[in-house]
Amino acid sequence: QVQLVESGGGLVQPGGSLRLSCAASGFTFSSYAMSWYRQAPGKERELVATISSTGGVTTYVDSVKGRFTISRDNAKNTVYLQMNSLKPEDTAMYYCNLVRLGLPYWGQGTQVTVSS
């Protein structure tokens, strides 16, 4: 069965950095695009970044362009989100996402809190 396990969240001061990881299993990781979403309290879940199956194509929501970098290691079945220059408005639960055969799969999420 598909499993997505996020890690790397935490409390960081504005301007700081975090790297999120999502370990995937139960499917052929290298065949699928992967995405990171986030959801802040009282807000809808938002697509943050997507990476193609080979890693050659990445897309970002405008609010994180130039600050966040999505990457993947197909040998380790892991997708990453490097987050730099963090802002309080980046505070949210971050989720790893896979769409496979038309069905979405989600991890349990990892909390990112940006606060002084």
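Now for a description of the structure that goes with this document. These numbers come from a predicted model, not from an experiment.

About the thresholds
Residues numbered from 1 in each chain as written. Predicted model: local features only at pLDDT ≥ 70, side-chain atom pairs only at ≥ 80, totals over all residues. Heavy atoms only, no water. Helix = DSSP H or I, 4+ residues; strand = E, 2+ residues; numbered from the N terminus. Buried < 20%, exposed > 50% of the residue type's maximum accessible area, 1.4 Å probe, protein only. Areas by Shrake-Rupley, 256 points an atom, 1.4 Å probe, with all protein chains shown as cover. Contact = heavy atoms within 4.5 Å. Salt bridge = Lys/Arg side-chain N within 4 Å of Asp/Glu carboxyl O. Core = buried A, V, L, I, M, F, W, Y, C linked by side-chain atoms within 4.5 Å. Pairing = 2+ DSSP bridges.

## Focus: the overall build of the protein chain
Helix and strand content of the protein chain: zero helices and eleven strands. For the protein chain, the spread of C-alpha atoms along the three principal axes comes to 40 × 25 × 20 Å. Looking at the protein chain residue by residue over its 116 residues, the buried ones come to 39%. Element-wise, carbon and sulfur atoms account for 49% of the exposed surface of the protein chain, whose accessible area totals about 6,000 Å².

## Observations concerning the environment of Ser7
Here Ser7 is to be found in strand 1 (residues 3-7). The exposure class of Ser7 is partly exposed, given its relative accessible area of 38%. If we skip the residues at most four places from it in the chain, Ser7 touches Arg19, Leu20, Ser21 and Thr110.

## So, the pattern of salt bridges
Counting across every chain of the model gives four salt bridges. The salt bridge involving Glu46 is made with Arg38; its shortest N-O contact spans 2.8 Å. A relative accessible area of 6% means that Arg38 is categorised as buried.

## Side note on the nonpolar core
Of all hydrophobic cores here, the largest spans 28 residues; its most connected members are Leu4, Met34, Trp36, Val79, Leu81, Met83 and Tyr94. Put simply, the parts of the chain that give this core at least two residues each are strand 3 (18-25), strand 4 (34-39), strand 5 (46-51), strand 7 (68-73), strand 8 (78-83), strand 9 (92-100) and strand 11 (110-114). In this structure Val79 touches Leu20, Ser21, Cys22, Phe29, Met34, Trp36, Ile51, Ile70, Ser71, Arg72 and Cys96, once residues within four positions along its chain are discounted.

## A few points about the pairing of strand 3
Relative to strand 3, strand 1 runs antiparallel, the two being bridged by five bridges. When the bridges of strand 3 are listed, Leu4 appears paired with Ala24. Two strands pair when backbone bridges link them, and strand 3 and strand 8 are joined in this way by six bridges, in the antiparallel orientation. By the bridge assignment, Ala23 is partnered in strand 8 with Thr78.

Interpretation in functional terms is not warranted from these geometric data alone.
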